[in-house]
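Structure assessment
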Amino acid sequence: MNQERLLKVLLRPIVSEKSNRMTELNQQYAFRVLSDATKLEISQAVENLFAVDVENVQVVNVKGKKKRFGGRLGQRSNWRKAYVRVKSGQSIDFGGAA
């Protein structure tokens, strides 16, 4: 895989109550990824950036909500989410501890 492409695949981690619970129970981490990223690219990007062994990758296409913007109807953008499971005993530190 192209190293430059792998650096662009992961857009940001998703930090929420649900993702924190998944991390504690299943060793899974959630990321917002490019809409055309494949499971193999996501797996390789996580392994390269965080130096962990990826066990499994699940991908979800999230539909944008239909919303009102002032007097107009509109729709938020569709996006893609990836759930990445790392091998037991390993973890990813995002460095944002408060």
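In this text the structure is predicted, and so the values were computed from the model without any measurement.

**With respect to unusual backbone geometry**
Notably, Gln27 is not glycine yet its phi reads approximately 60°, a positive angle. Here Gln27 lies in the loop between α2 (17-26) and β2 (28-33). By relative accessible area, which is 23% here, Gln27 ends up partly exposed. Unusually for a residue other than glycine, Ala51 sits at a positive phi of about 55°. Inspection of the secondary structure assignment puts Ala51 in the loop between α3 (39-50) and β3 (54-62).

**With respect to the environment of Val59**
Position of Val59 among the secondary structure elements: in strand β3. For Val59, a relative accessible area of 23% translates into the label partly exposed. Val59 has contacts with Lys39, Ile42, Arg80, Lys81 and Ala82, leaving out every residue within four places of it along the chain.

Parameters and conventions
- Residues numbered from 1 in each chain as written.
- Predicted model: local features only at pLDDT ≥ 70, side-chain atom pairs only at ≥ 80, totals over all residues.
- Heavy atoms only, no water.
- Helix = DSSP H or I, 4+ residues; strand = E, 2+ residues; numbered from the N terminus.
- Buried < 20%, exposed > 50% of the residue type's maximum accessible area, 1.4 Å probe, protein only.
- Contact = heavy atoms within 4.5 Å.

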